[in-house]
Amino acid sequence: MKTIRLLYPDHVSGGLETYYFGANLLQHILPPNPDQPTIKVDILPPDGKEKQITNGIYAEAEVLAGIQDAQKKLSEEKPDRVITIGGNCIVSLAPFDYLHGIYESVGIIWIDAHPDVSTGKDGYPNAHAMVLGSLLGGGAGQLRGLMKNQTFSANEILYVGLQPLHDYQKAFLDKAGVNYKIQDKELVSDEEIRAFAARFDHILIHFDIDVLDERLFHSTYFANPELVGDGSGGGKMTLERAGEILRLIEENADVAGLTIAEYLPFDEYKLHKMFSGIKLFNL
């Protein structure tokens, strides 16, 4: 079984250059394993320039180019398992679609404070909020059009950590028939996770760092008071509980794909930028 680490530092899909820095830092935080080669998706580094919104998506051409390069790398490597190191949530589109083409019986456990089912018509142009909707056959037509395999079904999705929804998100999930639970008071139970995992031969996990409580873990979007996004709030999960959930899934399922997304080390990035302005480092 071949496992690769797909380093995918997409930042434009979230409209925030710290995603690029965060993904590149995250690869050094993860436990080393020489048997898991790191394959890097070609993403242009941040240039500080504002991008155009085209067809409802911010920096559409760059977003699509990143997805296509990720698909190319996956096709060349032909892995059996993919650990995706993001970047923002868009990074799950290519590997989850790829793995869906390999395995017939696949479920997605989406560990996230948000449903990621927006479209370009909902007033928020950052494509990271459209990724799961596209995998479900909705979302954005440009993203869906790049997919090479069938879309996922509503009964193949389990949300863990989901917080209160915008009206348009609720409307999408209800129309699609996704069975979800708002978890601002209580997370889904271990029994629900086990029961979901038992229905499939393989599980894909999307772990968005913003599911964590920003009061306890500060490298997340909602720990930065300067950012407002689409008006959603942050997660309620502790880091300890997140670890328990990930281990629980592993114990009860064959995990073929794991995405880690939206790691935003703001203080570390500010330190990096400060040192970048020191001449000694650039001689």
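Everything that follows concerns the structure shown earlier in this document.
Scoring rules and cut-offs
Residues numbered from 1 in each chain as written. Predicted model: local features only at pLDDT ≥ 70, side-chain atom pairs only at ≥ 80, totals over all residues. Heavy atoms only, no water. Helix = DSSP H or I, 4+ residues; strand = E, 2+ residues; numbered from the N terminus. Rg over C-alpha atoms; globule rule 2.2 N^0.38 Å. Buried < 20%, exposed > 50% of the residue type's maximum accessible area, 1.4 Å probe, protein only. Contact = heavy atoms within 4.5 Å. Areas by Shrake-Rupley, 256 points an atom, 1.4 Å probe, with all protein chains shown as cover. Lys, Arg positive; Asp, Glu negative; His and termini not counted. Charge placed at Lys NZ, Arg CZ, Asp CG, Glu CD. Patch = residues over 30% accessible without salt bridge, like charges linked within 9 Å, V, L, I, M, F, W, Y side chains within 5 Å. Salt bridge = Lys/Arg side-chain N within 4 Å of Asp/Glu carboxyl O. Axes fitted to C-alpha atoms, helices over the stretch in contact; angles between N-to-C directions. Parallel < 35°, antiparallel > 145°, perpendicular 65-115°, else oblique. Nonpolar A, V, L, I, M, F, W, Y, C, P; charged D, E, K, R; others polar. Pairing = 2+ DSSP bridges. Phe/Tyr/Trp six-rings, centres within 6.5 Å; stacked < 30°, edge-to-face > 60°. Left-handed = near helix turned anticlockwise from the far one by under 90°.

Secondary structure assignment for the protein yields 9 helices and 9 strands. Radius of gyration (C-alpha) of the protein: 18 Å, near the 19 Å computed for a compact globule of 283 residues. Taking the principal axes of the C-alpha coordinates as reference, the protein spans close to 60 × 40 × 40 Å. Scored against the burial criterion, the 283 residues of the protein give a buried share of 54%. Put simply, 75% of the contacts in the protein that link residues at least 6 apart link residues at least 24 apart. Within the structure as shown, the protein displays about 13100 Å² of accessible surface, and the carbon and sulfur contribution to it stands at 52%. Computing the positive centroid from 25 side-chain charges and the negative centroid from 40, the protein places the two 3 Å apart.

Looking now at a nonpolar patch on the surface. On the surface, L271, M274, F275, I278, L280, F281 and L283 cluster together into a nonpolar patch covering about 790 Å² of accessible area. Mapped onto the elements, F281 comes out in the segment after helix 9 (266-276).

Two elements in contact, helix 1 (residues 18-29) and helix 9, have axes whose closest approach is 10 Å; the angle formed by their N-to-C orientations is 100 degrees. The orientation of helix 1 relative to helix 9 falls into the category roughly perpendicular. The segment helix 1 lies against helix 9, with T18, F21 and L25 engaging F266, E268, Y269 and H272. Broken down by class, the residue content of the contact of helix 1 with helix 9 amounts to 4 nonpolar, 2 polar and 1 charged.

A word on the pairing of strand 1 (residues 3-8). With 6 of 6 residues buried, strand 1 is to be regarded as a mostly interior element. In strand 1, alternate side chains face the same way, and those of T3, R5 and L7 on one face and I4, L6 and Y8 on the other are all buried. With 6 bridges joining them, strand 1 and strand 5 (residues 81-86) adopt parallel strand pairing. If you follow L6 over to strand 5, its bridge partner there is T84. Pairing between strand 1 and strand 2 (residues 38-40): 3 bridges, direction parallel. Residue L6 lies in a different strand from strand 2, and its bridge partner there is I39.

For the rest of this paragraph, the subject is the pattern of salt bridges. According to the stated counting rule, one finds 15 salt bridges in the structure shown. Its salt-bridge partner being E62, residue K51 comes within 3.3 Å of it at the nearest N-O pair. Separated by 11 residues along the polypeptide, K51 in the loop between strand 2 and strand 3 (53-54) and E62 in helix 2 (residues 60-77) bring together distant segments of the chain. Through salt bridges with shared partners, one network takes in D42, D69 and K73.

Reading across from one edge, 2-1-5-9-8-6-7 is the order of the 7 strands in this open sheet, with parallel pairing throughout. In this open sheet, the two strands that pair with only one neighbour each are strand 2 and strand 7 (157-160). Taken over all neighbouring pairs, the strand axes of this sheet differ in orientation by 15 degrees on average, direction set aside. Contacts between helix 2 and the sheet are confined to strand 1, strand 2 and strand 5, with strand 1 contributing the most and set at about 165 degrees to the helix.

Now for the packing of aromatic side chains. Under the defined criterion, the tally for this structure stands at 5 aromatic pairs. Residues F96 and W110 carry aromatic rings whose centres are separated by 6.2 Å and whose planes lie at 85 degrees to one another, so their mutual orientation is edge-to-face. Placement of the pair is F96 in helix 3 (residues 93-102) and W110 in strand 6 (residues 106-111), with a sequence separation of 14 residues. For W110, a relative accessible area of 0% puts it in the buried group.

Before going further, it helps to spend a moment on the packing of helix 2 against helix 3. Two elements in contact, helix 2 and helix 3, have axes whose closest approach is 9 Å; the angle formed by their N-to-C orientations is 40 degrees. In terms of orientation, helix 2 lies oblique with respect to helix 3. Considering how the two elements wind past one another, helix 2 and helix 3 form a crossing that is right-handed. Along its contact with helix 2, which presents I67, A70, Q71 and L74, the element helix 3 presents L93, A94, P95, D97 and Y98. Looking at side-chain class alone, the contact of helix 2 with helix 3 contains 7 nonpolar, 1 polar and 1 charged residues.

None of the figures reported here should be taken as evidence of function without further support.
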